[in-house]
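# Observations on chain architecture
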Amino acid sequence: MSSWVERDSKAIWHPFTPLRGMEKPLMIERAEGVHLITDEGDKIIDAISSWWVNLHGHSHPHIAKAVAEQSAKLEHVIFAGFTHAPAIQLAERLLKILPENQAKVFYSDNGSTATEVGIKMAFQYFFNQVIKRNKIIAIDGAYHGDTFGAMSVGERGPFTEPFNPYLFDVSFIDFPTKDKEEEVFEQFKTLIETGEVASFIFEPLVQGASGMRMYSAELLDRMIALAQANEVICIADEVMTGFGRTGKLFASDWLENKPDIFCLSKGLTGGAMAMGVTTCTDKIQSAYRSNDLMKTFFHGHSFTANPITCAAANASLDLLLAEECDANRARIHQSHLDFVTQIENHKMVRNARVMGTILAFEMNTDKDTSYFNEARHYLYPYFIGKGVLLRPLGNVLYLIPPYVIGSQVLDYVYNTVLEFLDNPEIIERNK
Ligand SMILES: *Cc1c(COP(=O)(O)O)cnc(C)c1O
C-alpha cells in the first residue's frame, strides 16, 4: 500500500463509505479511455462510468483542450449581471437538443442542485401567481440527490433515516412494475384530482439508484398527460438518463408528452467537471417576469455557469453529437441485448433488462434488493481483482459503460460476469 493511501485515511472522509470494515481506496494516478490506472500501473475497466458520469472515456483530449484554453482566457466571473460566450453557447445547444417546449436554462453545480432548482422553480411558479398548491408527487424508490429538498422527494430509507423528521411532506406513489401499472395510475389520479399538487418529479423510464429499475413509457406518458391537463408541473430528473444513456439523447425522447422541467448533470460535461442544469418552458418562466421584485427567483451558486465547466460541456456535446458516438451507443446496446439473451435463463439471474447502454439484472441471492444486501461487499472486491470496476446496488449488478468502450473490452467485462455466474462458489471464497 502506498503512503498516499495512509495519508488519505488521515485526512479525508469519503462519500457513501463506512469508516470501518471497508477496503482501502485505490490510488488512481491517471485514466485514459475506459481505463483507470493505479499508482502501481494496474488497469481497471471503468464499467460504471465513475458513478455514471463519464461518456467519452477519461481525460479525453478534446475536453482537456477546451478546459485548458478556457481557463487561460476566462476562468470565472460572477453570473449575476455578467455573462459569457461558453454559457450562452451551451444554453443554446442544450435547448436545441432538448424537447421543443424547453425555453430557458438555469445553471447550478451538480445533480442535487439541479433537482432542488426544479422543485423550487415549480413551487414559486404557483406562489408568484398566488395559487395555493403545496403537494408534490414522487415515485417510490426515487433518488434525486443528497441535499434536503432532493432527499425529501427521494425514497425514505436507511440512508435518510437520521434526517426524516426534517424532510418535507411528499406524496409517494408505488413504483409501476408491469403488473401494477393500473393501480399506480389510479393512485396518481387520486392525488392529482385533489387540485393541491404543484409538481410531479420522476426519473424517466429508469430509476438509477434504486437498482436500474425500468418502467413503461406508455404509463409515464399517460401520467404526464393527466398531470399537465391539471396544471401540474412535470419535472424530469434526467441527471442519470440524460445524454444518450437510454439510447436516445434523453429518456424523455421516448415519450409523446414532454415534461415541463428538465434536470441535468452527470454526463453534461462528459463526466469531466461538476455542473447542473435545470431547464424550463417559457410558461414557467413567465410567472417570474414581473415588476414586483419579490417574484424574482432568488437562487444562485457562487460558481453558477463557470466558464471552464461550460467549455467542458460544450466540448462533450461536440463528441456526443458526432455520428461515431451514435454508432458506439447502438453497438453497446446490441451487445447488451446479446449478452442478456445469453444470461436471462441462468439460474443465478433474475429480471435481466436493457435500456440503451444500461444493462442490469438481479442476482439470485435469496435476499431482497436492499443496498445492504451483502452481495456488494464480496462482489466489488472480486471484480476489482479481475480489473473491472462494478459496484452492485444491493443484489443488482449493472453496467453503464462510457460510450467509447471497445467490443473486446466489453466482452471481457461480460465474460468476467459470466465466470462469476457460472461459479457462484466464488462468493464463498470471497466472503
Ligand atoms: C446522481 C443523481 C442525482 C444527484 O446528482 P449529484 O450530482 O450526485 O448531486 C440526482 N438525480 C439522479 C437521477 C441521479 O442519478
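Structure: see above.
Here the structure is a predicted model, which means the values were calculated and not measured. (Residues numbered from 1 in each chain as written. Predicted model: local features only at pLDDT ≥ 70, side-chain atom pairs only at ≥ 80, totals over all residues. Heavy atoms only, no water.)

### Structural notes on the overall build of the chain
Worth spelling out the cut-off: The way it works is that DSSP assigns letters per residue, a run of H or I at least four long becomes a helix, a run of E at least two long becomes a strand, and they are numbered from the N terminus. For a compact globule the rule gives 2.2 Å times the number of residues to the power 0.38, and the radius of gyration it is set against comes from C-alpha atoms. Think of it in three bands: residues with accessible area under 20% of the maximum for their type are buried, residues over 50% are exposed, and the middle band is partly exposed, with areas taken using a 1.4 Å probe on protein chains only. Whether two residues touch is decided by their heavy atoms; if any such pair falls within 4.5 Å, the residues are in contact. Surface exposure here means Shrake-Rupley accessible area, sampled with a 1.4 Å probe, where a residue is shielded only by the protein chains that are shown.
Within the chain, the regular secondary structure consists of 14 helices and 16 strands. Since a compact globule built from 431 residues should have a radius of gyration of about 22 Å, the 22 Å found for the chain is in line with a globular shape. Going through the 431 residues of the chain one by one, you find that 53% of them count as buried. For the chain, restricting intrachain contacts to residue pairs at least 6 apart in sequence, the fraction spanning at least 24 positions comes to 70%. Put simply, the chain shows about 19900 Å² of open surface, and 54% of that area lies on carbon and sulfur atoms.

### Re the side chain of Gln207
Counted only if it meets this: Here a polar contact is recorded for every N or O atom pair within 3.5 Å, except that within protein the pair must consist of a potential hydrogen donor and a potential acceptor, and residues adjacent in sequence are included only if both atoms are side-chain atoms.
Note on placement: Gln207 falls in strand 8 (residues 206-207). Accessibility expressed as a relative area gives 2% for Gln207, which makes it buried. Among the polar contacts listed, one links the side chain of Gln207 to the backbone oxygen of Asp140, at a separation of 3.0 Å. At 2.9 Å, the side chain of Gln207 and the side chain of Ser210 are in polar contact. Residues contacting Gln207, with those up to four places away along its chain left out, are Ile139, Asp140, Gly141, Ala142, Phe175, Met212 and Arg213.

### Remarks on the pairing of strand 14 (residues 358-363)
Let me state the cut-off plainly: Strands were regarded as paired on the criterion that DSSP finds at least two bridges between them.
The element strand 14 is largely enclosed, with a buried count of six among its six residues. In strand 14, alternate side chains face the same way, and those of Ile358, Ala360 and Glu362 on one face and Leu359, Phe361 and Met363 on the other are all buried. In the sheet, strand 13 (residues 349-355) pairs with strand 14 via five bridges, with the strands oriented antiparallel. Considered in strand 14, the bridge of Arg350 is made with Glu362. The antiparallel pairing of strand 13 with strand 14 creates a hairpin that spans two residues between the two strands, and Gly356 there sits at a positive phi of about 60°. The pairing of strand 14 with strand 16 (residues 396-399) spans four bridges and is antiparallel.

### Notes on the sheet that holds strand 2 (residues 35-38)
An order of 1-2-3-15 is seen for the four strands of this open sheet, with the pairing classed as mixed. The open sheet has two edge strands, strand 1 (28-32) and strand 15 (388-389), and neither has a second partner. The sheet contact formed by strand 1 and strand 2 spans four bridges and is antiparallel. Along strand 2, the bridge assignment pairs Ile28 with Thr38.

### Re the site of the ligand
Heads up, the condition is: Here, proximity means that at least one heavy atom of the residue falls within 4 Å of the molecule or strand.
Inspection of the region around the ligand gives Trp52, Asn110, Gly111, Ser112, Tyr143, His144, Gly145, Glu203, Asp237, Val239, Met240 and Lys266 as its neighbouring residues. At 3.5 Å from a nitrogen atom of the ligand is found a main-chain nitrogen or oxygen belonging to Tyr143. With respect to the ligand, the side chain of Asp237 contributes an N or O atom lying 2.7 Å from a nitrogen atom. Protein coverage of the free-state accessible area of the ligand, which is 380 Å², stands at 83%.

### Side note on the pattern of salt bridges
Going by this rule: Whenever Lys or Arg places a side-chain nitrogen within 4 Å of a carboxyl oxygen from Asp or Glu, that contact is recorded as a salt bridge.
Scanning the model with the defined rule gives 13 salt bridges in all. In this structure, Arg329 and Asp326 form a salt bridge, with 3.0 Å as the shortest nitrogen-oxygen distance. Within this pair, Arg329 and its partner Asp326 are both found in helix 11 (residues 323-343), separated by three residues, close to a single helical turn.

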